[in-house]
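# Secondary and tertiary structure notes
Here is how the chains run, residue by residue.
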Amino acid sequence: MSKRPAEDYENGGTPLKGGEREQKADVPDEVGEFEDEFEDEFESDDEILEAGVDGRPDAEREAEEKADNMDVDQQTFIVGRNKLEPGQTMSPDLSTYDMLHQLSTEWPCLSFDIIKDGLGDDRSTYPATMYAVAGTQADPSRAKENKLMVYKFSGLSREERERDEESDSDDDEEDAEPILEHKAIPLSSTTNRIRAHQTPASDSSRPPTTLTASWTEAGEVLIHDVTPHLTSFDVPGTLITPQQNKPLSTLRMHKSEGYGLDWSPLFSTGKLITGDNNGTIYVTTRTAGGGWATDSRPLTGHTGSIEELQWSPSEKNVFASASSDGAIKIWDVRSKSRTAALSMQVSNTDVNVMSWSHQTNHLLASGDEDGVWAVWDMRQWKSSTTSVKGSKSSAVASFNHHKEQITSIEWHPTDDSIIAVAAGDNTLTLWDLAVELDDEESKDTGGVADVPPQLLFVHYMEQVREMHWHPQIPGCVVSTGSSGGLGKFNVFKTISV
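Residues numbered from 1 in each chain as written. Predicted model: local features only at pLDDT ≥ 70, side-chain atom pairs only at ≥ 80, totals over all residues. Heavy atoms only, no water.

## With respect to the pairing of strand β27 (residues 476-483)
Taken across its eight residues, β27 has eight buried, putting it largely inside the fold. Note that strand β26 (residues 466-469) and β27 share four bridges and pair antiparallel. Looking at the pairing, M467 lines up with S479 of β27. What sits between β26 and β27 in their antiparallel hairpin is a turn of six residues, with G475 showing a positive phi close to 85°. Summarising the sheet, β27 and strand β28 (residues 486-494) pair through eight bridges and their orientation is antiparallel. Within β28, the residue paired with T480 across the bridge is F489. Taking the residues that link successive antiparallel strands as the turn, the β27-β28 hairpin has two residues, and the phi of G484 there is positive, at about 60°. (Buried < 20%, exposed > 50% of the residue type's maximum accessible area, 1.4 Å probe, protein only. Helix = DSSP H or I, 4+ residues; strand = E, 2+ residues; numbered from the N terminus. Pairing = 2+ DSSP bridges.)

Shown next, in the form of structure tokens:
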């Protein structure tokens, strides 16, 4: 996956909306005598009927309307495809959002992760609060200014709606301004990818231990304990010592930098997989004494760089890898041969990102460098020993709506028909795979050509790099991008999901 520098921000245009039709004035039942200035325009009642409602024959009017409908796709502005004209700007339609906030940071972030908190699951109250970690991408000339950032987002209010008088006083708190607090841990290199993991505390009165793993441009994987940094947001007087900013461990077994990184959700103490640009994958496990042990023999088999790694949500020894060689492989860490159990060629170009469904464990989603994303049923894949070299499986669903590289993809945490996709065309799209292709009503896309009926929502964000669903706020999406050299976070919830 290439790293693209932040570019100057260009806002897009406001979508056109149809105005209200002009209403005819009421004519009294009784009127005085007047001269009809149009009395010579028609010779007979038959001509009046033939002329239709706008003074033209119905057949002519209907033919023109049909031509207009056929041409609508050339007039509709599609975000991510159409280019803005000079002087045009684009703003979101706030009526389509339950919540929308845009926050700036000093430096862009290639990657971030959301931290689960103790505020409750399935929450829908406003203003919302959430926590996250991110790694910066400072200007190369100022690489020493890179940091691991620990964030608290608060005051995330909902979009205003028409309110009853009785509810005005109750909603005052919902109108709070968003606040972004942070704690910074100094780093000397850009973070390619960061992931967080939590270990439950032995004492229920204490918060879980929150660990982060940061894959850096320097080719090292840094493991930090950010528990005190998170605690400091909500416990006044908490001090962060220089020792607490130091990594618990620095992993240096890789010979090049990389992007593939994931914590196992089924090992509470901590089990990590990392993959580099040489196609090499290592497994690192936390020991009983609190140290870190990396397997001496790596897992190999890809001929390109490792772009994405994800553990199985249901089998603790199984994980998947996606590579620039266009293949996805399934591995079992217990294998003595250190080779993949399943391998499938899913693309003719780089597979940048991948997501394993937590609801339907045999489904994987992938996103490619050419803008195509797809869903795969692993039950159709054959083992590496029986598959034909170069064979390619058929996708359950495949979409080429995006015209630039896919930069992030993720299943909805509780609904396996909903998926979010981010791309280099500055858009983040939400999709509903439950929409049936043979449903006539679902095929109606308002006359716009080449828009799949499964496309639910399009959100515009400059240089969007990565996005995640919030696991405790249903329908809430958080994404990171850049504009004018600054980092940007978007936090939003649509009325569609």
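And the narrative resumes.
## Here we look at the environment of K316
Inspection of the secondary structure assignment puts K316 in the loop between β14 (306-311) and β15 (318-323). Remark: the alpha-carbon pair of K316 and L266, spanning 50 residues in sequence, is separated by 5.6 Å.

## Some points on the side chain of T427
Locating T427 in the fold gives a position in strand β24 (residues 427-432). The class for T427 is buried, based on a relative accessible area of 1%. A distance of 3.3 Å separates the side chain of T427 from the side chain of H402, its partner in a polar contact. A distance of 2.5 Å separates the side chain of T427 from the side chain of D425, its partner in a polar contact. (Polar contact = N/O pair within 3.5 Å; in protein donor to acceptor, adjacent residues only side chain to side chain.)

## Focus on the packing of aromatic side chains
Scanning the model with the defined rule gives 13 aromatic pairs in all. An angle of 65° between the planes, with centres 5.9 Å apart, marks the rings of W263 and W292 as edge-to-face. Highlighted residues: W263 in strand β10 (residues 258-263) and W292 in strand β13 (residues 292-294), separated in sequence by 29 residues. Taking relative accessible area as the criterion, W263 reaches 5% and is therefore assigned buried. The exposure class of W292 is buried, given its relative accessible area of 16%. Every member of this aromatic cluster is reached through a ring pair, and the members are F112, Y151, F153 and F489. Note that K271 overlies the ring of F267, its terminal NZ or CZ placed 4.9 Å from the centroid. (Phe/Tyr/Trp six-rings, centres within 6.5 Å; stacked < 30°, edge-to-face > 60°. Lys NZ or Arg CZ within 6 Å of the ring centre and 35° of its normal.)

Remember that the coordinates give geometry; whether it matters functionally is a separate question.
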